Amino acid sequence: MDKLMRICKGGLISLLLFGLLTGAGAVILRFTPFPERWNFYWLVAAISIACFFMGLYTAGTFRKAGLISGISVSVVLICVILAAVCAAFSVMPAVGMLRPAYLIPIATGALGGIFGANIKK
């Protein structure tokens, strides 16, 4: 039960981090001359950072199988974020929402999982 609570805590922290980075990106893209077409790239970077820390936190909890735990929590985190976007904007989920660019956050989550499993307390 303790490990489940730690994973939920890490997920909440990662979602808050994603929200803060998304908000910062919205402010930067709104009040600077950066083009709005960079919005998707900023979101992929924000998801990547959140997935890295989620993989780091989860693999640090389990202390083994860092690659698998990092990939699995990254996929779950991306699905939660996409589900929240679908719910917020009343959009039906579609296969077209899954782009190859989402492999970058999965890879950074795996990297975070590898680092988290190898960090000594």
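Before reading on, note that the structure itself is shown above.
Now for a quick tour of the structure. Note that the coordinates shown come from a computational prediction; the quantities given were computed from them, not determined experimentally.

1. Quick notes on the state of the cysteines
Disulfides are covalent bonds that connect the sulfur atoms of two cysteines.
Stage number 1. Enumeration according to the criterion identifies 0 disulfides in this entry.
Stage number 2. Cys8 takes part in no disulfide bond, and the closest cysteine sulfur to it belongs to Cys51, at a distance of 16 Å.
Stage number 3. By relative accessible area, Cys8 is classed as partly exposed at 46%.
Stage number 4. The structure places no disulfide on Cys51, whose sulfur is separated from the nearest cysteine sulfur, that of Cys79, by 10 Å.

2. Quick word on a nonpolar patch on the surface
Stage number 1. Residues Leu67, Ile68, Ile71, Val75, Leu111, Ile114, Phe115 and Ile119 make up a contiguous nonpolar surface patch of roughly 680 Å² in combined accessible area.
Stage number 2. Among the secondary structure elements, those contributing two or more residues to the nonpolar patch are helix 3 (66-88) and helix 4 (103-118).
Stage number 3. Within the fold, Val75 resides in helix 3.

3. A short note on the environment of Leu82
Stage number 1. Within the element layout of this structure, Leu82 appears in helix 3.
Stage number 2. Residue classification places Leu82 among the buried positions, given a relative accessible area of 14%.
Stage number 3. Sequence-wise, Leu82 and Leu98 are 16 residues apart; in three dimensions their C-alpha atoms are separated by 9.0 Å.

4. Topic: helix 1 (residues 2-31)
Stage number 1. Helix length check: helix 1, at 30 residues, gives a terminal C-alpha distance of 44 Å against a target of 44 Å (1.5 Å per residue), a fit within 8%.
Stage number 2. The complete set of buried residues in helix 1 reads Ile7, Gly10, Gly11, Ser14, Phe18, Gly25 and Leu29.

Conventions and cut-offs
Residues numbered from 1 in each chain as written. Predicted model: local features only at pLDDT ≥ 70, side-chain atom pairs only at ≥ 80, totals over all residues. Heavy atoms only, no water. Disulfide = S-S within 2.5 Å. Buried < 20%, exposed > 50% of the residue type's maximum accessible area, 1.4 Å probe, protein only. Patch = residues over 30% accessible without salt bridge, like charges linked within 9 Å, V, L, I, M, F, W, Y side chains within 5 Å. Areas by Shrake-Rupley, 256 points an atom, 1.4 Å probe, with all protein chains shown as cover. Salt bridge = Lys/Arg side-chain N within 4 Å of Asp/Glu carboxyl O. Helix = DSSP H or I, 4+ residues; strand = E, 2+ residues; numbered from the N terminus. Expected span 1.5 Å × (residues − 1).

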